[in-house]
Amino acid sequence: MNYSEVYELHLQLLRAYSALNNEEYSAYQGEIDYYTNQLRFAEDMVQRIFILNQLVKIHEKERDDLIRWCSETYFNRKRELSGSQDEVTG
């Protein structure tokens, strides 16, 4: 796999993250803006791949936060429901 193929794969992944984000404000928007701006100053393909990789990591960190929030909400709700059933039957 050459650099241009790696570059294209990063772009495809970032497009997918952007489509899922629906242009909503991100908690990491400052970092995203910083690295997006850095793309303008990248002098070669390796630097661009590095910057795109940083953007992918930021989006994945945001995704991890969302997954953690969903699981905590689910399990807290499940505990609340099981606790209220114990009170009714107990």
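Residues numbered from 1 in each chain as written. Predicted model: local features only at pLDDT ≥ 70, side-chain atom pairs only at ≥ 80, totals over all residues. Heavy atoms only, no water.

Draft legend 1. Layout of the overall build of the protein. Counting secondary structure elements, the protein contains three helices and zero strands. Overall, the protein shows an N-to-C arrangement of helices and strands of α-α-α. Scored against the burial criterion, the 90 residues of the protein give a buried share of 21%. Taking all contacts inside the protein whose residues are at least 6 apart in sequence as the whole, residues at least 24 apart take part in 69%. As presented, the protein carries roughly 7100 Å² of accessible surface, and 54% of it is formed by carbon and sulfur atoms. (Helix = DSSP H or I, 4+ residues; strand = E, 2+ residues; numbered from the N terminus. Buried < 20%, exposed > 50% of the residue type's maximum accessible area, 1.4 Å probe, protein only. Contact = heavy atoms within 4.5 Å. Areas by Shrake-Rupley, 256 points an atom, 1.4 Å probe, with all protein chains shown as cover.)

Draft legend 2. Representation of the nonpolar core. Formed by Tyr7, Leu11, Leu14, Tyr17, Tyr28, Ile32, Ile49, Leu52, Leu55, Val56 and Ile58, the largest nonpolar core amounts to 11 residues. Residue assignment for this core shows that the elements contributing at least two residues are helix H1 (3–21) and helix H3 (45–89). Residue contributions to this core peak at five residues, all from H3. With residues near it in sequence (within four places) discarded, leucine 14 still touches Leu52, Leu55, Val56 and His59. (Core = buried A, V, L, I, M, F, W, Y, C linked by side-chain atoms within 4.5 Å.)

Draft legend 3. Structural view of the pattern of salt bridges. Using the criterion set out here, one finds two salt bridges in the structure. Across the pair lysine 61 and glutamate 31 runs a salt bridge, and its minimum N-O distance is 3.6 Å. Of the two residues, lysine 61 is situated in helix H3 and glutamate 31 in helix H2 (residues 29–39); the sequence distance between them amounts to 30 residues. We classify lysine 61 as partly exposed; its relative accessible area is 34%. (Salt bridge = Lys/Arg side-chain N within 4 Å of Asp/Glu carboxyl O.)

Draft legend 4. Up close: the confidence of the model for the protein. When pLDDT is averaged along the protein, the result is 84; 87% of the residues meet or exceed 70. Confidence, expressed as mean pLDDT per element, reaches its minimum in the protein at H3 with 83 and its maximum at H2 with 91. (pLDDT = per-residue confidence, 0-100.)

Draft legend 5. Quick look at the environment of valine 56. Looking at the secondary structure, you find valine 56 in helix H3. With relative accessibility at 5%, the residue valine 56 sits in the buried group. Note: C-alpha distance between valine 56 and isoleucine 32 (24 residues apart in sequence) is 9.5 Å. Those residues in contact with valine 56, other than ones at most four positions away along the chain, are His10, Leu13, Leu14 and Tyr17.

Draft legend 6. Looking closely at the packing of aromatic side chains. Counted by the stated rule, this structure contains two aromatic pairs. Seen in terms of ring centroids, tyrosine 74 and phenylalanine 75 are 5.0 Å apart; in terms of plane orientation they differ by 75 degrees. Their pairing is edge-to-face. (Phe/Tyr/Trp six-rings, centres within 6.5 Å; stacked < 30°, edge-to-face > 60°.)

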